[in-house]
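Commentary on secondary and tertiary structure
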Amino acid sequence: MPSEKILQQKKEYVQELSGKLKNSVAGVVVSYQGLTVAEDTQLRRELRAAGVEYAVVKNTMLRRAAADASLEGLDHVLEGTTALAVSTDHIAAAKVLCAFAEKNKALEIKAGFVEGKVIDAAAVKELAKMPPKEVLVAKALGGLNAPISGFVCVLNANLRGLAVALNAIAEQKNA
């Protein structure tokens, strides 16, 4: 039986992991079996550049942390080698991991979660295909801006027509 000190350390680790799950907007659970050290180092570098926190986790610890964080539905994928990538960005982890999995067949997407809802591997791959948040915001703002731009063009056309008419009247008076 483990000592009281080791049990306390495990409880603290589960609480820390649960806090990461609660504070992150999205995350992805992967199997990394078969990755070389060089490939793993490259993956970690790409994830760090995207602002994603990545760590190898024990299945039992993640199972308990997920239950504490109210993430139901991860139990069936918590077998074999497991790593967890969490982020405050909705799609950053999914984008990096799916792109890396395309190049390295050893990395397998198991499942993920977005805002407290567990999603399967297919949904993680669909999430990775979404454009970045900045592009979506720009498209939304462009859509909101289009009617205003059209209204300004109509007003300018009327003003130009008025200016042309005034110039024609001025020329007739001068002639």
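Please refer to the structure placed before this passage.
The sections below set out a description of the structure shown in this document.

Cut-offs and rules
Residues numbered from 1 in each chain as written. Predicted model: local features only at pLDDT ≥ 70, side-chain atom pairs only at ≥ 80, totals over all residues. Heavy atoms only, no water. Pairing = 2+ DSSP bridges. Helix = DSSP H or I, 4+ residues; strand = E, 2+ residues; numbered from the N terminus. Axes fitted to C-alpha atoms, helices over the stretch in contact; angles between N-to-C directions. Contact = heavy atoms within 4.5 Å. Expected span 1.5 Å × (residues − 1). Buried < 20%, exposed > 50% of the residue type's maximum accessible area, 1.4 Å probe, protein only.

**Here's the deal with the sheet that holds strand S4 (residues 108-114)**
Ordered by their spatial adjacency, 5 strands build an open sheet running S2-S3-S1-S4-S5, and the pairing between neighbours is antiparallel. Of all strands in the sheet, those with a lone pairing partner are strand S2 (53-56) and strand S5 (117-120), marking the two edges. Across the sheet, the mean angle separating the axes of adjacent strands is 20° when strand polarity is ignored. As defined by bridge partners, S2 adjoins strand S3 (residues 83-87) across 4 bridges and the pair is classed as antiparallel. Each residue of the ladder has a partner; that of Tyr54, found in S3, is Ala85. Packed on one face of the sheet, helix H4 (residues 92-103) meets strand S1 (26-31), S3 and S4 and runs near 25° to S1.

**Side note on helix H2 (residues 37-49)**
In an α-helix, one full turn covers 3.6 residues, which means residues spaced three or four apart are oriented alike. Taking 1.5 Å per residue, 13 residues should reach 18 Å; H2 reaches 18 Å between its end C-alpha atoms and fits that length. Buried-residue contacts for H2 involve S2 and H4. At the C-terminal side of H2, Gly51 shows a positive phi close to 80°.

**Details of unusual backbone geometry**
The phi angle at Ser70 is positive, at roughly 60°, despite the residue not being glycine. Positionally, Ser70 belongs in the loop between helix H3 (59-68) and S3. Even without being glycine, Glu115 reaches a positive phi, approximately 50°. Within the secondary structure layout, Glu115 lies in the loop between S4 and S5. Of the residues examined, Glu115 reaches a relative accessible area of 56% and is grouped as exposed.

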